[in-house]
Amino acid sequence: MRSTLGEAIEQTKASLLTYAQSHRHWAIAYSGGKDSSATVTIVAHLIETGQIPAPLSLTVLYADTRMEITPLQVAAMKVMEELRARDIDVRIVLPEMDDRFMVYILGRGVPPPKNRFRWCTSQIKIEPMMLALKELRERVGEKILMITGVRLGESAQRDARIVMSCSRDGAECGQGWFQEATPEAVADTLAPILHWRTCHVWAWLTAHCPDLGFPTLDIAIAYGGSDAEEVNARTGCVGCPLASKDNALQAVIRQPSWSYLAPLTRLKPLYKDLSFNHSNRLRKVAVELRKDGKAALNPQRVGPLTMEARLRGLDVVLGIQNEINAVAIRDKRPTVCLIDAEEEARIRFLIAENTWPRGWDGTEAEGDALIDRIFRDGTMQPLLADLVSIDLGGVTA
Ligand code: SF4
């Protein structure tokens with residue numbers, strides 16, 4: 001028989017009570033998504049009502065990627081305001097400037113992430129959170145209890161995906177990774193809503209939290225409004241290049257009050273163009289030797305974004321941002337911030353300084369240039385045009 005929300009909350013209480021004895025300092029990893037919103041609010045509520053003892057300190061760490069879908073970001077800000085009003089310490093954690101999503105791509109020239117090159121989850125979510133957690137650990141001088149919103153789903157297949165990482169269907173990108181990555185010395189990790197079903201989460205966020213003063217109704221909008229439970233969309237970065245469709249964004253812009261965010265749908269095609277249109281990238285031409293003296297596996301691989309592609313990408317992103325914000329300001333709606341003024345200045349500086357990722361210096365060939373093919377063993381297959389030229393005794397056909 002399936003448990004009720006009341007029973008699920010009792011189980012959450014029991015797991016928190018167990019750990020409350022052994023850890024005096026707690027932290028909650030908050031992403032603004034439905035599971036972590038349910039987690040921060042249930043923990044705050046249980047403490048406030050005396051159902052679990054308050055720890056010596058409770059810190060909510062919010063990972064600001066700049067790329068979260070707008071209604072979720074807005075809802076997260078409101079929830080954090082409410083938490084602060086209840087004397088809970090809330091901190092916004094940002095990646096280092098050059099590691100931020102847009103700065104990394106457009107300033108440092110690293111192509112957008114994809115399945116076999118997923119640099120983003122750890123860099124913009126996990127690492128900044130781990131750093132903040134380590135700092136907290138040093139400040140309080142003892143091991144932290146790190147509370148996450150990881151939940152097990154209703155199928156083994158989905159559970160495996162949750163544990164692995166950036167899962168689809170209702171999970172938050174990186175939540176499983178964080179659980180896995182937290183080193184034992186810094187924190188013990190507890191997932192007190194592990195057993196909650198999706199319907200428990202929605203019932204809590206939409207039917208109970210608002211009565212308790214938590215502004216969580218907007219969260220449902222990012223997951224499909226009144227159909228949220230059915231849509232159960234995966235949330236994460238807007239335009240995530242790894243997701244096949246931008247379901248969460250589509251659900252959001254179907255709501256009349258958020259339709260002005262439609263220009264965000266241009267992000268995904270931009271990422272695709274930057275990654276897969278090789279004229280936007282450079283390519284190695286010579287055989288490079290690795291440390292072991294062997295040739296690199298893919299000697300003529302395509303690599304970073306050209307300066308022209310980066311500047312064009314910057315124009316597109318700023319154009320999207322300006323277009324949305326003009327309407328937002330006119331209609332008194334929330335604005336978006338994909339790239340702030342400091343990040344734009346940093347991107348332009350890195351471009352002006354001719355910055356390339358490690359192992360590249362900008363002298364490589366353009367990604368779509370026709371070049372002789374070189375294999376790992378050093379042999380070369382000349383271009384067909386060269387062969388024709390040779391056959392004709394040097395006279396080009
Ligand atoms: S949502 Fe997509 S782009 Fe964002 S961190 Fe996860 S995998 Fe990367």
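Residues numbered from 1 in each chain as written. Predicted model: local features only at pLDDT ≥ 70, side-chain atom pairs only at ≥ 80, totals over all residues. Heavy atoms only, no water.

Looking at the protein, the pLDDT average stands at 85 and 81% of residues meet or exceed 70. The low-confidence segment residues 161-169 (pLDDT under 50) makes 31 contacts with residues lying over four places distant or belonging to another chain. Ignoring residues within four places in sequence, the model shows residues 390-397, a span with pLDDT below 50, making five contacts including any to other chains. (pLDDT = per-residue confidence, 0-100. Contact = heavy atoms within 4.5 Å.)

Quick reminder: α-helices carry 3.6 residues per turn. Residues three or four places apart thus point the same way. The end-to-end C-alpha distance of helix α2 (residues 34-48), which contains 15 residues, comes to 21 Å, matching closely the 21 Å that a straight helix rising 1.5 Å per residue would cover. Burial runs high along α2: 14 of the 15 residues are buried. (Helix = DSSP H or I, 4+ residues; strand = E, 2+ residues; numbered from the N terminus. Expected span 1.5 Å × (residues − 1). Buried < 20%, exposed > 50% of the residue type's maximum accessible area, 1.4 Å probe, protein only.)

Bringing the sheet that holds strand β8 (residues 365-366) into the picture now. Judged by pairing direction, the sheet is antiparallel, and its three strands sit side by side in the order β7-β6-β8 without closing on themselves. The open sheet has two edge strands with one neighbour each: β7 (302-305) and β8. Strand direction decides the pairing type here: strand β6 (residues 281-283) and β8, joined by two bridges, are antiparallel. Its bridge partner lying in β8, R283 is registered against A365. (Pairing = 2+ DSSP bridges.)

Moving on to the pattern of salt bridges. Under the defined criterion, the tally for this structure stands at 19 salt bridges. E82 serves as the salt-bridge partner of R86, at 2.8 Å between the closest nitrogen and oxygen. A cluster of three or more residues bridged by salt bridges with shared partners is formed by D64, R66, R100, D340 and E343. (Salt bridge = Lys/Arg side-chain N within 4 Å of Asp/Glu carboxyl O.)

Contact pair helix α12 (residues 267-276) / helix α13 (residues 307-331): the axes reach a minimum separation of 11 Å and the direction vectors enclose 175 degrees. Here α12 lies roughly antiparallel to α13, going by the angle between them. Packed against α12, whose contacting residues are L267, L270 and L274, the element α13 presents A309, G313, V316, V317 and I320 at the interface. (Axes fitted to C-alpha atoms, helices over the stretch in contact; angles between N-to-C directions. Parallel < 35°, antiparallel > 145°, perpendicular 65-115°, else oblique.)

Here the distance between the centres and the angle between the planes together describe a pair of aromatic rings. A full pass over the atoms with the stated rule returns six aromatic pairs. Note on F101 and W119: the rings are 5.5 Å apart at their centroids and 35 degrees apart in plane angle, and the pair reads as tilted. On the criterion of sequence distance, the pair formed by F101 in helix α4 (residues 101-107) and W119 in the loop between α4 and α5 (120-140) is long-range, its members being 18 residues apart. Among the residues examined, F101 registers a relative accessible area of 3% and is labelled buried. Seen from their ring centres, F101 and Y271 are 5.7 Å apart, and the 80 degrees between their planes marks the pair as edge-to-face. In this pair, F101 sits in helix α4 while Y271 sits in helix α12, placing the two residues 170 residues apart along the sequence. Summarising the burial analysis for this pair, F101 and Y271 share the class buried. Of the aromatic side chains, those joined through ring pairs into one cluster are F101, Y104, W119 and Y271. Against the face of W356 rests R310, its NZ or CZ located 4.7 Å from the ring centre. (Phe/Tyr/Trp six-rings, centres within 6.5 Å; stacked < 30°, edge-to-face > 60°. Lys NZ or Arg CZ within 6 Å of the ring centre and 35° of its normal.)

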